Amino acid sequence: MSAVCDKTDPLQGVFGGLAGARFDEPKDIVELWHGHRTPIIICALVVLVAIRIYIHKIEEAEPLRALPKQFEKRIEPSSTNKPPSAVSSEKPIAKSNGPRRIKGGIAKKPATEEKNEHDKSRPIKTMVFFSSVTTKTEKIAQQYSSTLEKSVGQLSRETERQFLKPELHDLAEIDFEDFFVSPAKTVEDAYLFYLFLIPSYNIDTINDTLLQHLEETHHDFRIDTAPLAPLLGYSVFGFGDKEGWPDEADGYCFQAKELDKWMSKLTGRKRAYPVGMGDMKSDHAERFEEWSSGVQEVIAHVASAGSLGEGVSGSGDAMESDAEDVAEDDDGEVLIEQDISGDDKESSRPLDDVEDLGRMLRTSDGNANANGKKAPLAVDFTSYGSSSAKKRTPTAPVIKEMVAKNSPTYAALTKQGYSIVGSHSGVKICRWTKSALRGRGSCYKYSLYGINSHQCMETTPSLSCSNKCVFCWRHGTNPVGTTWRWVVDPPEMIFEGVKENHYKKIKMMRGVPGVRAERYAEALKIRHCALSLVGEPIFYPHINEFLAMLHAEHISSFLVCNAQHPDQLAALKAVTQLYVSIDASNKDSLRKIDRPLHRDFWERFQRCLDILREKRFRHRTVFRLTLVKGFNVEDEAEGYAQLVERGLPCFVEVKGVTYCGTSTSSNAGLSMSNVPFYWEVCEFVKALEERLKAKGLKYGIAAEHAHSCCILLASERFLVNGKWHTHIDYKRFFELLEERGADGDWTPEDYMGEPTPEWALWGNGGFDPRDDRVDRKGRKIENVVVREAPPPESW
């Protein structure tokens, strides 16, 4: 019977044998193992599998108590026994599939969360740190501390925010661990604002110790990435000696700039105001006054808003970078700009390029302004129309907004950096303004006409245009049309709006690394307006009133038009300088390049040239030629010379088109091959000068700005005693306006400025000598200008 059992059921035989056996000797166990090891192993595996399944079911029903909570995988129960609050509070936590990752960098909170966390009941205390070897800085710091105490006292009354008495600390007498590893502890639990007054020395001083400490703190892995981030902000003022160190590249205020760099890293980029720098032997008092007033304004803003505010790269809590901004247009500089791309998927359809923007924009909800007045009727600038249409019964036109806030056009323009004012105006800070603020060069207007780029506002009272130029850097986003059929905003509202938004953009540059404090202070006072941003400025019906408001505040005006609105051009009153874009020398080329919407575009173009000829003794008139290879460069010098002969402008600006890569430009037939080299622009200008002289016209090559690929031909009216006078006497211009009025009898020669500086004349490059040219990494580079064609073997 047992034998049968063994054959039919091996496991039963094994366990039966084991149950009845007595193992008196070890050899019996060995014999048993050798005789039944296969069924024993199989049995053990079955038991282990059963145990594993049982444990797995327990884990699903309830997580193991031994595991940390962050690794528990919670499963929402299907039953409804738990209260709703308990069910909603349990959120599934993703199970980690690998080793834990540790991410570096600063964990930044949303701006709204930071603002809400700011406790306005907590007081604010300013700490002033200084170092001094000769006691000069110490005396300045003591005096400043007393002045600051009075200032914050006044702020306390104005903002209803408690300001504590400022603390003054000599860096040689404090323990750096108490202030620069984490914010200093105060009995009042106050928010802190750090200010530094630092002279630069070429000997070992406490400055070196401080800088070394800040660097070591930044690189210490045991310390948080931004241990001083709880500070409200900081700013540095440096005292230097220009006799020993003539400029910043040679070490002028180098320790102040180094301190600013490390404080930016340790505070999470909370630079509240640009580094101030003053020469102890000349202008330190003036520069320090500018810096201190700017700092006081920032402290007042922080007290009311709780933060430094939003800004471009390097400002507030934005990422800091020394890289140059993506190339943008300066006023009038034709630029084919890179497409704006991003993750915003709100509108998937492309922008419509239409003449009648009314098909794309909705009717404005408020066609009447605040005082109850009705919106003005549409103004038709065209000179043609259907005769049958005039006989129809007139109907009230539907007045729309040119750029409504809910339109794709508004979204596209604001995404590109524009601030839309009202319904049809805009303002934008250009890259040359940013560059000048950082001491990296000004635009051609400084070298050719003496205009500070950082004091220039680029705006337009009309975002609409009557051309669709192939090189337009806003093609497809700005509205176009031949008729003004939109709401007309009052000039007062536009003027105040563009100023306000320009200043907002300037203030956003406050924390950018490298911004010079004295230029930032100057930039807060607009001295020039370039009416050339996008669109057609004289398309705006009240352009003369707008110009008068600019001039009333002593803001000079450069107005650029596209030679398609002769009636408005003829009615234009005094401007500081009047431009007309001359993009082609004949009718066919103009149609291909400008792609005008008016049917009689060539007749309009010629009438505008005739009007400019009449105005040449009332305005400084300029022809702007934009060279595009393959369109208007080859064999067109003679054609342009004929246009100059017809209009006789005071100046002829010749610029090469700038390309940055964009799908819209490629659709228009443009690529990098259409961008001329500077030497090609030089050859064209030389050829044009020869053709003008052959016609007996007195023009010469006066100045250049090679960095903008721009060359200026000037009438010999501005050549006095063998010297070119292309710069403008702006003070005299406003005196003439006040003395004789906008329609008074005066000429461009009456406000001709001093001789054009040597560095701006033709052959010298035209780069601002106050600044340093740098590459995208901020490294200084030499100004190399190539005016001759390279040898064929180098192509």
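Everything that follows concerns the structure shown earlier in this document.
All figures in this text were calculated on a predicted structure; none of them were measured in a lab. (Residues numbered from 1 in each chain as written. Predicted model: local features only at pLDDT ≥ 70, side-chain atom pairs only at ≥ 80, totals over all residues. Heavy atoms only, no water.)

Trainee: What exactly am I supposed to notice about the packing of helix α19 (residues 587–594) against helix α20 (residues 601–615) here?
Mentor: In a packed pair of helices, the relevant descriptors are the angle between the two axes and the axis-to-axis distance. Packing of α19 against α20 leaves a shortest axis separation of 10 Å and a crossing angle of 105 degrees. Classified by the angle between their axes, α19 and α20 sit roughly perpendicular to one another. Each of Lys587, Leu590 and Arg591 in α19 lies in contact with α20, whose residues at this interface are Phe601, Trp602 and Phe605. Partitioned by chemical class, the residues of the contact of α19 with α20 number 4 nonpolar, no polar and 2 charged. (Axes fitted to C-alpha atoms, helices over the stretch in contact; angles between N-to-C directions. Helix = DSSP H or I, 4+ residues; strand = E, 2+ residues; numbered from the N terminus. Parallel < 35°, antiparallel > 145°, perpendicular 65-115°, else oblique. Contact = heavy atoms within 4.5 Å. Nonpolar A, V, L, I, M, F, W, Y, C, P; charged D, E, K, R; others polar.)

Trainee: Looking at this structure, I do not really get the nonpolar core. What am I missing?
Mentor: In summary, soluble globular proteins display a tendency toward joint burial of nonpolar side chains. Leu550, Leu559, Ile582, Leu625, Phe684 and Leu688 are the most contacted members of the largest nonpolar core, which totals 75 residues. Counting 37 residues, the second-largest nonpolar core is a separate cluster that includes Val128, Leu155, Tyr273 and Val298. (Core = buried A, V, L, I, M, F, W, Y, C linked by side-chain atoms within 4.5 Å. Buried < 20%, exposed > 50% of the residue type's maximum accessible area, 1.4 Å probe, protein only.)

Trainee: In this structure, what is going on with the side chain of His551? I would like to understand it.
Mentor: For His551, the location among the structural elements is in helix α17 (residues 543–552). You can call His551 buried: its relative accessible area is 9%. Each residue touching His551, except ones within four places of it in the same chain, is listed here: Ser557, Ala574, Val575, Thr576, Phe733, Phe734 and Leu737.

Trainee: Please explain the sheet that holds strand β1 (residues 124–130) as it appears in this structure.
Mentor: Strand pairing in a sheet is mediated by backbone hydrogen bonds. Such pairs are either parallel or antiparallel. The 5 strands are arranged β2-β1-β3-β4-β5 in an open sheet whose pairing can be described as parallel. Where the open sheet ends on each side, the last strands, each with one partner, are β2 (167–170) and β5 (276–279). Neighbour to neighbour, the strand axes of the sheet diverge by 20 degrees on average, direction disregarded. Sheet topology note: the strand β3 (residues 191–199)/strand β4 (residues 233–240) ladder contains 7 bridges and is parallel. Paired with Pro199 across the bridge in β4 is Phe239. (Pairing = 2+ DSSP bridges.)

Trainee: Honestly, α19 in this entry has me stumped. Any pointers?
Mentor: Along an α-helix, residues three or four positions apart point the same way, because every turn accommodates 3.6 residues. Restricting attention to buried positions, one finds in α19 the residues Ser589, Leu590, Ile593 and Asp594. One side of α19 carries all its buried residues, which in axial view fall inside an arc of 100 degrees. Close packing links the buried residues of α19 with α20. Of the residues that open α19, the one with a side-chain oxygen 3.3 Å from the backbone nitrogen of Asp588 is Asn586. One or two positions beyond α19, positive phi appears at Arg595, with a value near 45 degrees. (Arc of directions from axis to C-beta. Polar contact = N/O pair within 3.5 Å; in protein donor to acceptor, adjacent residues only side chain to side chain.)

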